[in-house]
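Listed here are the chains, written in short residue letters.
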Amino acid sequence: MGEVQPILEVTNLKQYFYLKKEKLFGEKQIVRAVDDISFQLYEGETLSIVGESGCGKSTTGRSILRLDEPTDGSISLFGENLLEMTQKQLRVARKDIQIIFQDPYASLNPRRTIRQMLTEAMSIQDVVPKEKQEARMIELMQLVGLQPEYLERYPHEFSGGQRQRIGIARALSVNPKIIICDESVSALDVSIQAQILNLLKKLQKELGLTLLFISHDLSVVRHISDRVIVMYLGKIVEIANKKSLFDTPVHPYTRALFSAIPTVEKGQKRERIILKGDVPSPLNPPSGCRFHTRCPFATEQCKQQEPQLVEVKDGHKTACHYWENFL
Amino acid sequence: MEQQKVLEVKNLKTHFFTKEGVSKAVDGVSFYLNKGETIGVVGESGCGKSMTSLSILNLIPSPPGKIVEGEILLHGKNIVGLPQEELRQIRGKKISMIFQEPMTSLNPVITVGEQIAETIRLHEKLPRKQAWDKAVEMLRIVGIPSPEKRAKQEPYQLSGGMRQRVMIAMALACSPDVLIADEPTTALDVTIQAQILEILKDLQQKMGMSIIFITHDLGVVSEMCDKVAVMYAGQVIEEGATEELFEQPLHPYTRGLIDSLPKLYEEQDELQTIEGSVPSPYKYPVGCRYADRCPFARDLCREAQPELIEMAKGRKVRCYQYSEKWNLQESGEL
Amino acid sequence: MAVFILKRLAQVIPVILGVTLVVFLIMQMVPGDSAVILAGEGASEQTIEDLRESLGLNKPIYVQYFDYIKGVVQGDFGNSLKNGKPVLEEISTRLPITFELAMYSIAITIILGLIAGIVSAIRPYSWLDMSFMVIALLGISLPSFWLGILLMYTFAINLGWLPVAGWESPMHIILPAITLGAGGAAIVARMTRSSMLEVVNQDFIRTAKAKGLKGYVIIFKHALRNAMIPVITVVGLQFGSLLGGTVLVESVFAVNGLGRMIVDAIRTRDLPVVQGGVLVASLIFVFVNLIVDILYRVFNKRIDLN
Amino acid sequence: MSENVQAATLSQVRSQVKKKKRKELWQKIYSNKAALAGLIILSIYALMLIFGPLLSPYDPYEIDLQNKLQGPTLDHLMGTDDKGRDILSRILYGSYLTLGVGFSAVLFGGSVGILLGLVAGYYGGKIDSIISRLIDVMLAFPGILLALAIVSALGTSLINVTIAVGFFSIPMFARIVRGSTMEVKKLEYIDAVRTLGANNVIILFRHILPNILSPIIIQASMRLATAILSAAGLSFLGLGAQPPSPEWGAMLSAGRDFLFNAPHMALFPGIMISFLVLGLNLLGDGLRDALDPRMKA
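Throughout, residues of each chain are indexed from 1 in the direction in which the sequence is written. Labels are handed out in written order, letters beginning with A for the chains and numbers beginning with 1 for the ligands. With the structure being a predicted model, the display of local features is reserved for residues of pLDDT at least 70 and the display and counting of side-chain atom pairs for 80 or more, all residues being used for whole-chain, interface and lining totals. Neither water nor hydrogens contribute to the side-chain values; these are computed over all heavy atoms in the structure.

**Student:** Even after reading the chapter, I still don't get the overall build of chain A, so can you show me in this structure?
**Tutor:** What chain A contains, in helices and strands, is eleven helices and twelve strands. We compute the radius of gyration over the C-alpha atoms and compare it with the globule rule, which gives 2.2 Å times the number of residues raised to the power 0.38. The C-alpha radius of gyration of chain A comes to 21 Å, within 12% of the 20 Å expected for a compact globule of 327 residues. Overall, the C-alpha framework of chain A stretches about 65 × 55 × 50 Å when taken along its three principal axes. Partitioning the contacts of chain A with sequence separation of at least 6, the portion at a separation of at least 24 is 63%. Throughout, the Shrake-Rupley method with a 1.4 Å probe supplies accessible areas, and for residues the shown protein chains are the sole cover considered. Counting only carbon and sulfur atoms, one obtains 48% of the accessible surface of chain A, whose full area is about 13,600 Å². Charged residues are defined here as Lys and Arg on the positive side and Asp and Glu on the negative side; His and the ends of the chain fall outside this count. To locate a charge, take atom NZ for lysine, CZ for arginine, CG for aspartate or CD for glutamate. Here chain A contributes 43 positive and 40 negative side-chain charges, whose respective centroids are spaced 3 Å apart. Elements are defined by DSSP. Helices are runs of H or I of four residues or more, strands are runs of E of two residues or more, and each kind is numbered from the N terminus. Contact criterion: two residues are considered in contact whenever any of their non-hydrogen atoms come within 4.5 Å of each other.

Okay, structure coming up:
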């Protein structure tokens, strides 16, 4: 079996934001939202990025689409570097990667009907000839479980779950290969969340989509993904296939995250790790291992030396000096 | 031995009188709370759980909101309809609250120390200096590092988790009998949420207050609460001890809710879902409010509203499946 | 804080340069040759040429601008075309009058505006609120020059309580100050009211109620301080309208202030005087804004974060 | 076949939706009493504007020195001025001057300001810095002083007043539009259309502009009031419309000299300006309540 080529490859991606100077003669302040991360996305899989607020997971998604211009690194889609494209080339390339957002209210233009939104999307990328657009729209609506009559309505006439379906229809309208779901179900009530998760799974199977699923909710991530990336303060701390990660989380942060999730599932004897303090600011991230300020096992080495991602098992990588102790 | 009821809510109805009509946000809610106990009130958005909690201290936006019926008994004394002045004596002293958004719930231009101290001065009649010292002490108790320094800061200088700690310190400063926590950890990250829940549990043990915990997160309820009331469309539809309720949910809605949750320790192919959507609080159906979404619904369910039936001590459900009528209809006798 | 003030001061410099540039350029737009106008009718070519030379009108335009700036910095605003006296001299006799008028007016704006706004917000939709807000609506709708005439007609001409015009005694100040301050008071009242009503609906007010605080503590300690933040900005902007308003009000009441000086100078096409007057008024406004910004910062430390 | 049927029903649904929209908007305006009162006042002015010359009982310029300075009578409902001209006729004729100056000034200032604000807010960076500094400089002139300076350069005439008042409306529009654009730009639906490959023109004019119309409309109605006041003020100072023009500000100014014996000369033009501005302010308040509850005076 030959090497499978990833359809999207992120290499040494850095996304810094520069703040205005606070002090007259002070240093320019840099927020290192995403700091040198690399990963691959393979066709047909669901890769999740999980982490708490400020870990850089959403920024990663936005950088891939160049919604924010990345500071450094490369993002290659089918072997072509998105970061080297001109605006014009990029507009064409974007057809293959679409995004579904968190907020079902802010993600739809309140002044445009669903019909206008879908027509516009199809026309910009010129994926469907004019005479076929009508049929395609009806097909899309049915695909996401909405009645075609709703095409004439404005976003405010829909519930949160329905809006999320509309967002999905809009993303699908240009026949993308990859969909980035940026916290796409976190604003929804559980019963609605379940509907949307089922829909995403169904669509993925039927259309052969590749999903990059960004979420803070580990149980949702477990449900939907094939592989999982755990991020902390702009860095990847662990990356593994789902089973391996959920059965044997290695990094202390991953384990703390697992233990912090309240669950109704009984009979799960879980170790309780309560992390001290807050997540440090990405403005001045801690030296060495960025997790050392909260890690119950941190040593002098952790303060000084930054751990690299190492493979601990088949495809399971983690960035911790003492990974062998936690295996 | 009968335990002491600290707070009892009886058939509470809070309605909103708007241009569009009457919204029955809270429509006949009853539950009680023993000393040192935690009750979880859960439900999805719009079920009326937050309005129930705000009604207890009469903090509902009014107009258009109004408590139209029911009693709220604090140590057996009804506090609905009390004059403002008397209610004020209860707020913050006997019953206090913490809210979902620690960001907006603290006054942005007043130091956090002063915001705590003013409550202490008001209810405990302590002089300025002593009240301040006690405020600092409260900050220490809720686990804020270097509380002397933090007390002099304004809320914007604190992180979300710290602000929620300040809220807790403020709420507990006068050792209330009841703490109402309205989605206190929803805006926080999980590792911070774990810290806050830990502090709440810890302080409850030390101070012995009772807690009403309002949340949409079933997981949080199962970790925090002794008993649970599940709300749907302005009513309690099921009540019971936490463990029992999650292991053996009676109401089809409770079951649906639990099943639609993705599991952390179990592989699932497809999630159970609840079809349809919550009925509008302006126009509830005649019969059971869940009937339109319920896979078991029969004609009976659409004709009249089911009562909240007590199945065993403290175990209640609002569903015809558990009534005699259900079996009668099945056997064709009705 | 000190850093902020320094930074803010640094930002003022380009604005001041911009203002001088705009004033300078506007005057360049004037049709006709100033030298010809200045020399008067029937002047010889040679006289005009000499005049041009001495005024520096032969130099390139940017050099003229730098000369102008240099002059302004040294307090040289040029001489009046009408009487040949230095413009600065004229301004320095007029400015105190306008300044006094502006101070009384701004006091009226702030005091009346705040009181009406707060009273309205405490009892919204009461008859008191309604009447204040109707008056405020009239206040922003009546042109100041008409309001001035109405007041003059009623209190000076008809009732004879106050002098009609001029600027001699304290009695002379009353009508112009009210005329000038009324519009601002109306705006401040409306702003205070809506700002208060918005603040009162915020979460932290609910927290204050949940703590059992007394009504007046909630209003004056918790609500007012937050509500004042946008009001400060409005008061600052009002000062600008007020300075502009002096032009009209001084004309109505025949007050010999800066505003009237500018208007008279425009009528007689005495451009250096117009230039100087507009420049001085603008510079005053720029510095008032600076102070307002600093005050805003003191009241609203949250903007530190961004 | 079935597809055609579906398309037909869909177009039916579409026209129904449109009708409903229109009805809702009308109800919204109708239920807002302030806006309604404002609209009524403004429609009276609109009628004057259209039918003024037809309704005028006299020639507004005809001098009749025998009947000068008469108070209101049945012959002259608003009396006559110092040259015996009928004030009512002059006011009716003058309406197009006052309204015209206001509208043209706001149209001019508004379109330039909106464009500047959109560009500054959307592109940010250096372009934004430059435009923002420009706005700062224009805002540094207090009140109508900038307009005054411009008039002094261009010369006194009503057209120059229009240009000047329009010019000093630019920064107000630019600032509001810039702020709103920056706010809307951050919303996810803008990111969504960018991801779909839309270019800047589509994003700016199809997605951002329609969503910031509310603040623009509100600002325009408020600005119109200010523009009319300023223009009338400049004419009042004798820097705008020149006699014998029946511009209301100029008429008011002329009336000032006869306060002792003919106060009606100043009274009526003043009332006309005040009511017009009141109507605009009422409409502005109402629109603000209806369109954007967050914006304030």
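**Student:** Where do I start with the overall build of chain D in this structure?
**Tutor:** From N to C terminus, chain D includes eleven helices and zero strands. The secondary structure elements of chain D, listed N-terminal to C-terminal, are α-α-α-α-α-α-α-α-α-α-α. Across its three principal directions, the C-alpha atoms of chain D cover 80 × 50 × 30 Å. Any residue under 20% of the maximum accessible area for its type is buried, any over 50% is exposed, and the rest in between are partly exposed; the area is computed with a 1.4 Å probe on protein chains only. Expressed as a percentage of its 297 residues, the buried residues of chain D come to 54%. In chain D, the share of contacts with a sequence separation of at least 24, taken over all contacts with a separation of at least 6, comes to 72%. Total accessible area computed for chain D in this model is approximately 13,000 Å², and 65% of it derives from carbon and sulfur atoms. Positive and negative side-chain charges in chain D, numbering 26 and 19 respectively, have mean positions lying 12 Å apart.

**Student:** What am I meant to see in the arrangement of the chains here?
**Tutor:** The top pair by number of contacts, from a total of five pairs of chains in contact, is chains C and D. Between chain B and chain D there is no contact, and the shortest C-alpha to C-alpha separation is 11 Å.

**Student:** It is not clear to me how the packing of aromatic side chains should be interpreted in this structure. Could you clarify?
**Tutor:** The way to describe two aromatic rings as a pair is by their centre distance and the angle between their planes. Between the rings of Phe, Tyr and Trp (Trp by its six-membered ring), a pair exists once the centres lie within 6.5 Å; its type follows the angle of the planes, with under 30 degrees stacked, over 60 edge-to-face, and the other angles tilted. Counting across every chain of the model gives 16 aromatic pairs over all chains. Seen from their ring centres, tyrosine 232 of chain A and tyrosine 253 of chain A are 4.6 Å apart, and the 55 degrees between their planes marks the pair as tilted. Of this pair, tyrosine 232 of chain A sits in strand β9 (residues 227-232) while tyrosine 253 of chain A sits in helix α9 (residues 252-260), placing them 21 residues apart in sequence. Assigned by exposure class, tyrosine 232 of chain A and tyrosine 253 of chain A land together as buried. Pairing tyrosine 253 of chain B with tyrosine 290 of chain B gives two aromatic rings, centres 5.3 Å apart and planes at 70 degrees, and the pair type is edge-to-face. With tyrosine 253 of chain B in helix α10 (residues 252-259) and tyrosine 290 of chain B in the loop between α10 and α11 (299-303), this residue pair connects regions lying 37 residues apart in the sequence. On the basis of relative accessibility, which here comes to 1%, the residue tyrosine 253 of chain B falls in the buried class.

**Student:** Quick question: what am I supposed to make of the packing of helix α5 (residues 87-122) of chain C against helix α10 (residues 215-252) of chain C here?
**Tutor:** Angle between the axes and distance between the axes are the two parameters that describe a pair of packed helices. Residues and elements named next belong to chain C. Fitting a line to C-alpha atoms yields each axis, with helices limited to the stretch in contact; the angle taken between N-to-C directions then spans 0 to 180 degrees. In the contact formed by α5 and α10, the axes pass within 9 Å of each other and the chain directions differ by 145 degrees. Note on packing geometry: the crossing formed by α5 with α10 is right-handed. Here Thr98, Leu101, Ala102, Met103, Ser105, Ile106, Thr109, Ile110, Leu114, Ile118 and Ile122 of α5 come into contact with α10, specifically with Ile219, Phe220, Leu224, Met228, Val231, Val235, Gln238, Phe239, Leu242, Thr246 and Glu250. Among the residues forming the contact of α5 with α10, the class breakdown is 16 nonpolar, five polar and one charged. Each crossing gets its handedness from the near helix: less than a right angle anticlockwise from the far helix is left-handed, clockwise is right-handed. All amino acids are sorted into three groups, where Ala, Val, Leu, Ile, Met, Phe, Trp, Tyr, Cys and Pro are nonpolar, Asp, Glu, Lys and Arg are charged, and the leftover types, Gly among them, are polar.

**Student:** Even after reading the chapter, I still don't get the sheet that holds strand β7 (residues 178-182) of chain A, so can you show me in this structure?
**Tutor:** All names here are of chain A. Here we have eight strands laid out as an open sheet, ordered β6-β7-β8-β3-β9-β10-β12-β11, and mixed in their pairing. Across the chains shown, the open sheet's two edge strands, defined by having one partner strand only, are β6 (97-100) and β11 (310-313). Each adjacent strand pair in this sheet contributes to an overall mean axis angle of 20 degrees, direction not counted. Across the sheet, helix α6 (residues 190-207) is in contact with β3 (46-50), β6, β7 and β8 (210-215); its angle to β8 comes to roughly 155 degrees. Pairing between strands is defined by DSSP: at least two bridges between them are needed.

**Student:** I would appreciate a short explanation of the domain arrangement of chain A in the present structure.
**Tutor:** Reports often express the size of an interface as the amount of accessible area lost when the parts come together. Residue and element names in this part refer to chain A. Partitioning chain A into domains gives domain 1 (8-96 + 176-326) and domain 2 (109-164). Segmentation of the chain into domains, including their bounds, is taken from an automatic or database domain assignment. Placing the centre of domain 1 and that of domain 2 at their C-alpha centroids yields a distance of 31 Å. Counting residues at the interface gives 13 residues for domain 1, matched by seven residues for domain 2. Buried surface at the junction of domain 1 and domain 2, both sides included, amounts to about 690 Å², of which 66% is carbon and sulfur. Salt bridges are defined as contacts in which a side-chain nitrogen from Lys or Arg sits within 4 Å of a carboxyl oxygen from Asp or Glu. Taken together, domain 1 and domain 2 are joined by zero salt bridges. Pairing of N or O atoms within 3.5 Å defines a polar contact, subject to two protein rules: one partner must be a possible hydrogen donor and the other a possible acceptor, and residues neighboring in sequence count only if both atoms are side-chain atoms. Here domain 1 and domain 2 share three residue pairs in polar contact (both at pLDDT 80 or more) between them. Contributions of two or more residues to the side of domain 1 that touches domain 2 are made by α2 (87-93) and α6. Per-element tally for the side of domain 1 that touches domain 2: the top contributor is α6, with seven residues. Residue composition of the side of domain 1 that touches domain 2, by class: seven nonpolar, one polar and five charged. Throughout, the accessible surface (probe 1.4 Å) given up by two parts as they are put together, summed over both, is called the buried area.

**Student:** Would you mind going over the interface of chain C and chain D with me for this structure?
**Tutor:** Residue-level contacts link 50 residues of chain C with 44 residues of chain D. Across the interface of chain C and chain D, roughly 4,000 Å² is buried in total on both sides, 78% from carbon and sulfur atoms. The largest share of the area that chain C buries against chain D comes from Phe145, Trp146 and Ile266 of chain C, three residues that together contribute 15% of it. If you look at where chain C meets chain D, you find one salt bridge. Among the salt bridges present, the one from aspartate 285 of chain D reaches arginine 190 of chain C, with a minimum N-O distance of 2.8 Å. Put simply, chain C and chain D have six residue pairs in polar contact (both at pLDDT 80 or more) between them.

**Student:** How should I be thinking about the packing of helix α3 (residues 114-125) of chain A against helix α5 (residues 160-172) of chain A in this particular structure?
**Tutor:** Residues and elements named next belong to chain A. Contact geometry for α3 and α5: axes closest at 9 Å, N-to-C directions at 25 degrees. Between α3 and α5, the interaxial angle falls into the category roughly parallel. Crossing hand, α3 versus α5: right-handed. Seen from α3, the contacting residues are Ile114, Met117 and Leu118; seen from α5, they are Ile166, Ala169 and Arg170. Within the contact of α3 with α5, the residues separate by chemical class into five nonpolar, no polar and one charged. Any angle that falls under 35 degrees is termed roughly parallel, while one over 145 is termed roughly antiparallel, one within 65 to 115 roughly perpendicular, and all others oblique.

**Student:** What should I look at first to understand the state of the cysteines in this one?
**Tutor:** Two cysteines whose sulfur atoms are joined by a covalent bond form what is called a disulfide. Residue and element names in this part refer to chain B. Disulfides are defined in this document as cysteine sulfur pairs within 2.5 Å. Scanning all chains against the criterion turns up zero disulfides over all chains. Free cysteine cysteine 47: the closest other cysteine sulfur is in cysteine 225, separated by 14 Å. A relative accessible area of 3% places cysteine 47 in the buried class. Here cysteine 319 stays unpaired: no disulfide links it, and the sulfur of cysteine 294, its closest cysteine neighbor, is 6.2 Å away.

**Student:** Before we go on, may I ask you to explain the sheet that holds strand β4 (residues 65-74) of chain B in this structure?
**Tutor:** Paired through their backbone hydrogen bonds, the strands of a sheet run either parallel or antiparallel. All names here are of chain B. Pairing within the open sheet is antiparallel, and its four strands lie in the order β2-β1-β4-β5. The open sheet is flanked by β2 (21-34) and β5 (77-78), the only strands paired with a single partner. Relative to β4, strand β1 (residues 5-18) runs antiparallel, the two sharing eight bridges. Across the sheet, residue phenylalanine 16 finds its bridge partner in β4, namely glycine 65.

**Student:** Please clarify how helix α6 (residues 160-172) of chain B should be interpreted in this entry.
**Tutor:** One turn of an α-helix holds 3.6 residues; hence residues three or four places apart share an orientation. Residue and element names in this part refer to chain B. A helix is expected to reach a length of 1.5 Å times the quantity of its residues less one. If you check α6, its first and last C-alpha atoms are 19 Å apart, about what 13 residues at 1.5 Å a residue would give, namely 18 Å. For α6, the tally of buried residues reaches twelve of 13 residues, placing the bulk of the element in the interior. Among all positions in α6, only Gly161, Met162, Arg163, Gln164, Arg165, Val166, Met167, Ile168, Ala169, Met170, Ala171 and Leu172 are buried.

**Student:** How do you make sense of helix α4 (residues 61-73) of chain C when you look at a structure like this?
**Tutor:** With 13 residues, α4 of chain C extends 18 Å between its outermost C-alpha atoms, agreeing within 8% with the 18 Å of an ideal straight helix rising 1.5 Å per residue. On the buried face of α4 of chain C, the contacting elements are α1 (2-28) and α12 (271-299) of chain C.

**Student:** Help me understand the environment of lysine 83 of chain D, please; the structure alone is not making it clear to me.
**Tutor:** Residue and element names in this part refer to chain D. As for its position among the elements, lysine 83 is in the loop between α2 (33-55) and α3 (87-123). Given a relative accessible area of 34%, lysine 83 falls into the partly exposed group. When the C-alpha positions of lysine 83 and lysine 23 are compared, they lie 52 Å apart, and in sequence the two are 60 residues distant. Setting aside anything within four residues of it in sequence, one finds lysine 83 in contact with Ile63, Asp64, Leu65 and Lys68.

**Student:** How do you make sense of the pairing of strand β1 (residues 8-19) of chain A when you look at a structure like this?
**Tutor:** Each regular strand displays side chains that alternate between the two surfaces of the sheet. Residues and elements named next belong to chain A. Where β1 and strand β2 (residues 29-41) come together, ten bridges link them in antiparallel fashion. When the sheet's bridge partners are listed, valine 10 is paired in β2 with phenylalanine 39. Two strands pair when backbone bridges link them, and β1 and strand β4 (residues 72-77) are joined in this way by five bridges, in the antiparallel orientation. Across the sheet, lysine 14 pairs through a bridge with aspartate 72, a residue of β4.

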